[in-house]
Each structure stands twice: as C-alpha cells, then as structure tokens.
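Overview (structure and organization)
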Amino acid sequence: MPVSMTGYGRSEGGGDGFSFVWELRSVNGRFLDVKWKLPPSMRCKEQEWEKLLRSVGSRGRVEASLNLEVASPDLLGVQLNVPQVRAMIEQVQSLAEGYGETFTPDFNRFLSIPALWRDNSSEPDPKLAAEVEKGLAACVADWQRSREAEGKALVADLLARIEVLGGLSERIAERVPVVLAEKREGLVRRIREMMEASEAVFSEERMLQEVAILTDRLDVSEELTRLAEHLKRMAEVLGRDGDVGKRLDFLLQETFREINTCGNKAQDTEASRLAVDFKAELEKCREQVQNIE
C-alpha cells in the first residue's frame, strides 16, 4: 500500500539520570532530505541514525528533533579543563602580586568561558545512546504508521477520482460518434450546396475523400483507448508498494496529453466541456499524488 510523505511521529523515553523526546515531521519533497536537530553530544550519531530513517522512507522533507534532558553531566562527557583554569588563576595571581595586590578568583566567571569546557560529543555514554536509539526506532515506527494511515486515505480518494475520470472518458466516447455523424452530414450538405451554386459536376469519389479526411481529423478513438489504459494502470499502481508516486506522476502527464488531444480534435462544445471537467479532476489527482511517496 502506498504511503504519504506527510506524517508525524513521537516517542518518549529515559533512564537513570536522563529523559528524552523524539519528534519526526515530514512533508512532500522530490528526494529524501532529513534535517536533524540534535544536542552536540549526539551529533556523532547522525549518519548512523539517518540509515535507520532511510530504511523506511525514500522521499520527502523530514525534520528529526531530539529533546534530551540530562541530570548528570558525566553522561554527556562535559568536563572543565581544570589544568587550564589553574594556570589562568596562577598567572593572574602572579600579576596581582607584582603590583602588590591580592587576587581572589571569581569562579562563577569560568562558567561563561566556553573554551574551558570540554564536550566529549564524539563518545556519548553507551547506555544513554542505546536508549535514545531505541526511542528513535519507536518514533520512526509511529511516523510510519501515520504515513500509512494518510496513504490509505489518499489511495481511497484517488481511486474515487479515477472512477470519475473513467465516467467522463466514457461520456466523451459516447459523444464522438454523434459529433462525427453531424460533421459528416454538415460537410456533405455544404459541398452539395456549393456544387449546385457553381453548377459544377458532383463527384461521389471526391465527396468520399473529403469525408474520410474529416473523419480522420476528428476521430479520437486511439486517444480514448490510451486514456482508458492509463486510468487502468493508475488503479493498478495504487495497489502496489514501492516507488508509487513517481509512476503516478508520469501516468498523469500522459493522461493529460491524451485528454488535451481529445478536447482539441473533437471540435464540439459538449466534448470540450467534458474534456475541461476531466482536466479539472485530473489536476486534483495531481495534487494528491504529490503527497505519495
């Protein structure tokens, strides 16, 4: 069953000294484009986790965000560069003594100096990383369920629209023989009137040639046959898994070309109106297909 590129997934989890929330949001896109919002300590896992996401999705723009709260700094490998702090204090103390002053360190100042803090982001705590990865897997599963539900609704809507398109195609097919008969009758009448007015000799063979040319120019039976085949093919593709969206997009382009030719060749008000209705419904199908993976 096709899935939608639009979806949302969420999962929560935690352990001793930490908790987290994963969220996945996706919209339609030509290719799979994942934007990660991760804490610095988890950025080293981005490539590994993207493989997990790509094993499920193949198209769409996805935003993956991790909100991680840690009570113990040791879990994230955050450490103060103590040797450098001591060296700085000793240097300032030496400078103060040279001026006969007493130096009392303000340790709060060191909290605002990022260079003194080490973030061992390449090596997060193994247990924490394992739990967060489990949470991502649960979030991806929730996201996939959301996309499958949306995909099911899209398929139902498209199948209903394909049925409407089939009905419009049949009405055009019913109208074409009527149009051909009317055009033939009108052509024969005009030629006879012209021949009588000019007192020329009537040629049955020439008349048949003109009728044949008109019939060939107005006949859309081949286009209608291909149109029906495209609609049938679309319904079949909607029952498959895999790269459905791109196939449907191509079939819609071919269908539009055929109905456009029918509308141009028919030279009939009713047939043209039906062709316009067909195009309008086809455009609604195209909008829905843009959301199918």
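The structure reproduced in this document is the subject of the present report. The shown structure was predicted, so the numbers you read here are calculated from the model rather than taken from an experiment. (Residues numbered from 1 in each chain as written. Predicted model: local features only at pLDDT ≥ 70, side-chain atom pairs only at ≥ 80, totals over all residues. Heavy atoms only, no water.)

The next thing to look at is the packing of aromatic side chains. Within the structure shown, the criterion is met by two aromatic pairs. An angle of 80° between the planes, with centres 6.2 Å apart, marks the rings of Trp 22 and Trp 36 as edge-to-face. Of this pair, Trp 22 sits in strand β2 (residues 18-27) while Trp 36 is found in strand β3 (residues 32-37), placing the two residues 14 residues apart along the sequence. A single burial state applies to Trp 22 and to Trp 36, both of which are buried. (Phe/Tyr/Trp six-rings, centres within 6.5 Å; stacked < 30°, edge-to-face > 60°. Helix = DSSP H or I, 4+ residues; strand = E, 2+ residues; numbered from the N terminus. Buried < 20%, exposed > 50% of the residue type's maximum accessible area, 1.4 Å probe, protein only.)

Look at helix α6 (residues 244-266): 33 Å from first C-alpha to last across 23 residues, which is about the 33 Å you get at 1.5 Å a residue. Those residues of α6 that fall on the buried side of the exposure criterion are Val 244, Gly 245, Leu 248, Leu 251, Leu 252, Glu 254, Thr 255, Glu 258, Ile 259, Cys 262, Gly 263 and Ala 266. One or two positions beyond α6, positive phi appears at Gln 267, with a value near 55°. (Expected span 1.5 Å × (residues − 1).)

Next up on the list: the nonpolar core. Ranked by size, the top nonpolar core spans 28 residues in total, and within it Leu 224, Met 234, Leu 238, Leu 248, Ile 259, Phe 278 and Ile 292 carry the most contacts. Those elements that place two or more of their residues in this core are α3 (126-198), α5 (221-237), α6 and α7 (269-289). Here the element with the most residues in this core is α3; it accounts for eight residues. In this structure, Trp 49, Leu 53, Ala 64 and Leu 136 belong to the second largest nonpolar core, which totals 21 residues. (Core = buried A, V, L, I, M, F, W, Y, C linked by side-chain atoms within 4.5 Å.)

Along β3, the buried face is formed by Leu 32, Val 34 and Trp 36; none of Asp 33, Lys 35 and Lys 37, which line the opposite face, is buried. Where β3 meets strand β4 (residues 60-70), six bridges bridge the pair, whose relative direction is parallel. The residue of β4 that forms the bridge with Lys 37 is Ser 65. The parallel pair β3 and β4 is bridged by helix α1 (residues 46-54), and the resulting crossover is left-handed. (Pairing = 2+ DSSP bridges. Right-handed = clockwise from strand over helix to strand, strands pointing away.)

A separate point is the sheet that holds β2. Taking strand neighbours across the sheet as the criterion, the four strands line up as β1-β2-β4-β3 in an open arrangement whose pairing is mixed. In the strand order of this sheet, the two ends are held by β1 (7-15) and β3, each with one partner. On average, adjacent strands in this sheet sit at an angle of 15° to one another, irrespective of strand direction. Together, β2, β3 and β4 form the strand contacts of α1, whose direction differs from that of β3 by roughly 135°. (Axes fitted to C-alpha atoms, helices over the stretch in contact; angles between N-to-C directions. Contact = heavy atoms within 4.5 Å.)

Now for α5. For α5, which comprises 17 residues, the first-to-last C-alpha distance of 24 Å matches the rise-based estimate of 24 Å (1.5 Å per residue) to within 8%. Restricting attention to buried positions, one finds in α5 the residues Glu 223, Leu 224, Leu 227, His 230, Leu 231, Met 234 and Val 237. Taken down its axis, α5 places every buried residue within 145° of arc, on the same side. Summarising the geometry of α5, the exposed residues directed more than 90 degrees from the buried face are Glu 222 and Thr 225. (Arc of directions from axis to C-beta.)

Turning our attention to the pattern of salt bridges. Evaluated as defined, the whole model comprises 20 salt bridges. Where Lys 45 meets Glu 48, a salt bridge forms, and the shortest distance between an N and an O atom there is 3.6 Å. Judged by relative accessible area, Glu 48 falls into the partly exposed class, the value being 38%. Linking Arg 273 and Asp 277 is a salt bridge whose minimum nitrogen-to-oxygen distance equals 3.1 Å. Taken as a pair, Arg 273 and Asp 277 lie in helix α7 at a separation of four residues, close to a single helical turn. Judged by its relative accessible area of 37%, Arg 273 is partly exposed. (Salt bridge = Lys/Arg side-chain N within 4 Å of Asp/Glu carboxyl O.)

As a packed pair, α5 and α6 sit with axes 9 Å apart at the nearest point and diverge in direction by 160°. Viewed along their axes, α5 and α6 adopt a mutual orientation that is roughly antiparallel. Our pair here, α5 against α6, has a crossing hand that is left-handed. Along its contact with α5, which presents Glu 223, Leu 224, Arg 226, Leu 227, His 230, Leu 231, Arg 233, Met 234 and Val 237, the element α6 presents Val 244, Arg 247, Leu 248, Leu 251, Leu 252, Glu 254, Thr 255, Glu 258, Ile 259, Thr 261, Cys 262 and Lys 265. Classifying every residue of the contact of α5 with α6 gives 11 nonpolar, three polar and seven charged. (Parallel < 35°, antiparallel > 145°, perpendicular 65-115°, else oblique. Left-handed = near helix turned anticlockwise from the far one by under 90°. Nonpolar A, V, L, I, M, F, W, Y, C, P; charged D, E, K, R; others polar.)

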